[in-house]
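A structural walkthrough
Now for the letters of each chain:
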Amino acid sequence: MPMHMQFGRTTLSKFVIEQTRGQHSELGALIIDVAAAVKTIASMVAKGALAGHHGALDTTNIQGEVQKKLDVLTNEAIIHHCEWGGQLAGMASEEMDDPYPIPAQYPLGRYLLIFDPLDGSSNSDVNVSVGTIFSVFARAEAGAAELSDYLRPGSEQLAAGYAIYGPSTMMVLTLGKGTHGFTLDRETGNFILTHPDITVPEDTREFAINTSNERFWEPPVQRYVAECKAGKTGVRGADFNMRWIASMVAEIHRILLRGGIFMYPKDNKDPSKPGRLRLLYEASPMAMLMEQAGGSASTGRGRILDVSPDELHQRVPVIIGSKNEVERVERYHREYADGSDRPFESPLFSERSLYRE
Ligand code: F6P
């Protein structure tokens, strides 16, 4: 592109400074630091096997998942890019058991940064898109964060976003006024606003779920997926397409840009876990981005953004994407709970019967 045509473009820095001027100008500075970390991670991920970063370590994170070298390196990249600026009261990450206190040599601010440094990291060894997810809350005043400061419903987030490391690197961001996408121009090193005001189509004919778990799902999700698979011959009267990348960032990105529904629902595979995905650094930020783009995000039984966490690494069921499909899945949960999806069955066996309450 000729140099003069680049001058009119909106960079991420300009965008966040303009959107946060006044009450939250420090938030703008924090997002710019996150973007710097994202550029470092993009370059690490892009080097692939040449950098020797592929493969696993012999450590596990608090979820018992084996950590990849890149999980640890990307976690460090975000810490080092963001801890010094004086905006943060603390940080929490998927890769750290406990919140990270800001080192004593740096000033404290009022914001909390919560992140998954490399979501879908098992995909990095096989050169499939991965991402970074982040979320920002604020304390009433500057000071060292306590655990309780992090345990807040997603509706209190001030900002949320992700970076996707795919054929191009993009950052998708909300500061509570719409969802906007920026593409990294590798020649200038700037993120450029390329996808302003992303709007998710309300209807879709595309669903994403790991169907190998089908036998563990609850009946409302089994019903929804069975109807999608029945296609034109079933009650939906239309054929559906299925996608599963096993990288939440890549699935959400596809859905933001062309519609769809993504589900990691409650299942009984491991009854101690209410879902697979983590509330604070996966579900809540994606829910905010989706709602700000006109989509919906639910547990099946309520809005994800209304879930108050009891612990940092809490899991939650996730049903997210095009509004009308998410609402349909929620309705199936209600109809299952009140038994109206099986009118010929004895009320004794419905979820609200004598036996189940
Ligand atoms: O930990 C999160 C994650 O990697 C998501 O990015 C992805 O959607 C999901 O797990 C993949 O799960 P599964 O291994 O069941 O396909």
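Before reading further, recall that the structure is shown in the block above.
Structure report, in brief. Every residue gets a number counted from 1 within its own chain, in the order that chain's sequence is written. Totals for whole chains, interfaces and linings use all residues, but because this is a predicted model, local features are given only for residues with pLDDT of at least 70 and pairs of side-chain atoms are given and counted only at 80 or more. Side-chain numbers here rest on the full set of heavy atoms in the structure, without hydrogens or water.

Attention shifts here to the pairing of strand S5 (residues 130-138). Burial classification: accessible surface area is computed with a 1.4 Å probe over protein chains only, and a residue below 20% of its type maximum counts as buried, one above 50% as exposed, and the rest as partly exposed. A run of DSSP states H or I qualifies as a helix once it reaches four residues; a run of E qualifies as a strand once it reaches two. Both are numbered from the N-terminal end. With respect to burial, S5 is a largely interior element, nine of its nine residues being buried. Residues Val 130, Thr 132, Phe 134, Val 136 and Ala 138 of S5 are buried on one face, and the alternating residues Gly 131, Ile 133, Ser 135 and Phe 137, pointing to the opposite face, are buried as well. At least two DSSP bridges between two strands are required for those strands to pair. Sheet topology places strand S4 (residues 111-119) next to S5; seven bridges connect them, and they run antiparallel. Note on S5: the bridge partner recorded for Tyr 111 is Ala 138. Relative to strand S6 (residues 159-165), S5 runs antiparallel, the two being bridged by seven bridges. Paired with Ile 133 across the two strands is Tyr 162, which belongs to S6.

Moving on to helix H6 (residues 219-230). One turn of an α-helix holds 3.6 residues; hence residues three or four places apart share an orientation. Between its first and last C-alpha, H6 extends 16 Å over 12 residues, near the 16 Å set by a 1.5 Å rise per residue. Residues of H6 that are buried: Pro 220, Val 221, Tyr 224, Val 225, Glu 227 and Cys 228. Taken around the axis of H6, the buried residues stretch over an arc of 155 degrees, which confines them to a single face. Contact definition: two residues touch when any of their heavy atoms are within 4.5 Å. On its buried face, H6 is in contact with strand S10 (206-208), strand S12 (261-264) and helix H9 (323-338). Positive backbone phi, approximately 55 degrees, marks Gly 231, located one or two places after H6. In this analysis, the expected span of each helix is defined as 1.5 Å times one less than the number of residues it contains. For this quantity, the arc is that covered by the directions from the helix axis to the C-beta atoms.

So, on to the site of the ligand. Within the structure, the ligand sits among 13 residues, and Asp 119, Asn 210, Met 248, Tyr 264 and Arg 276 are positioned closest to it. Separating an oxygen atom of the ligand from a side-chain N or O atom of Trp 244 is a distance of 3.0 Å. Measuring from an oxygen atom of the ligand, one finds a side-chain N or O atom of Arg 278 at 3.1 Å. When the free accessible area of the ligand is taken as 400 Å², the share hidden by the protein chains comes to 83%. Elements with a minimum of two residues in the shell around the ligand: S12 and strand S13 (277-278). The residue makeup of the shell around the ligand, split by class, is six nonpolar, three polar and four charged. Nearness here has a simple test: a residue counts as near a molecule or strand if at least one of its heavy atoms is within 4 Å of that partner. A 3.5 Å cut-off defines polar contacts: any pair of N or O atoms within that distance qualifies, except that in protein one atom must be a possible hydrogen donor and the other a possible acceptor, and neighbouring residues in sequence count only when both atoms are side-chain atoms. Where accessible areas are quoted, they stem from the Shrake-Rupley method and a 1.4 Å probe; at the residue level, only the protein chains shown are allowed to cover. Put simply, Ala, Val, Leu, Ile, Met, Phe, Trp, Tyr, Cys and Pro go in the nonpolar bin, Asp, Glu, Lys and Arg in the charged bin, and everything else, Gly too, in the polar bin.

With that out of the way, let us pick up the sheet that holds strand S16 (residues 318-321). Strands sit in the order S11-S10-S12-S16-S14 across an open sheet of five strands; the sheet is mixed. Of all strands in the sheet, those with a lone pairing partner are strand S11 (241-242) and strand S14 (296-298), marking the two edges. As defined by bridge partners, S14 adjoins S16 across three bridges and the pair is classed as antiparallel. Each bridged residue has a counterpart across the sheet, and for Ser 298 the counterpart in S16 is Ile 319. Contacts from helix H8 (residues 279-292) reach S14 and S16, with the element oriented near 25 degrees to S16. A fitted line through C-alpha atoms represents every axis, and for helices the fit uses only the stretch in contact; the resulting angles, taken between N-to-C directions, go from 0 to 180 degrees.

For any two helices packed against each other, the geometry comes down to the angle between their axes and how far apart the axes lie. Between helix H2 (residues 12-20) and helix H3 (residues 25-46), whose axes approach to 8 Å, the crossing angle comes to 160 degrees. What the angle tells us is that H2 and H3 run roughly antiparallel. Along this stretch, H2 crosses H3, giving a crossing that reads as right-handed. Along the contact surface, H2 presents Leu 12, Ser 13, Val 16, Ile 17 and Thr 20, while H3 presents Ser 25, Leu 27, Gly 28, Ile 31, Ile 32 and Ala 35. Of the residues assigned to the contact of H2 with H3, the class counts are seven nonpolar, four polar and no charged. Geometric relationships in this document are graded by angle, where less than 35 degrees denotes roughly parallel, more than 145 denotes roughly antiparallel, 65 to 115 denotes roughly perpendicular, and other angles denote oblique. The handedness criterion is simple: a crossing whose near helix is rotated anticlockwise from the far helix by less than a right angle is left-handed, and one whose near helix is rotated clockwise is right-handed.

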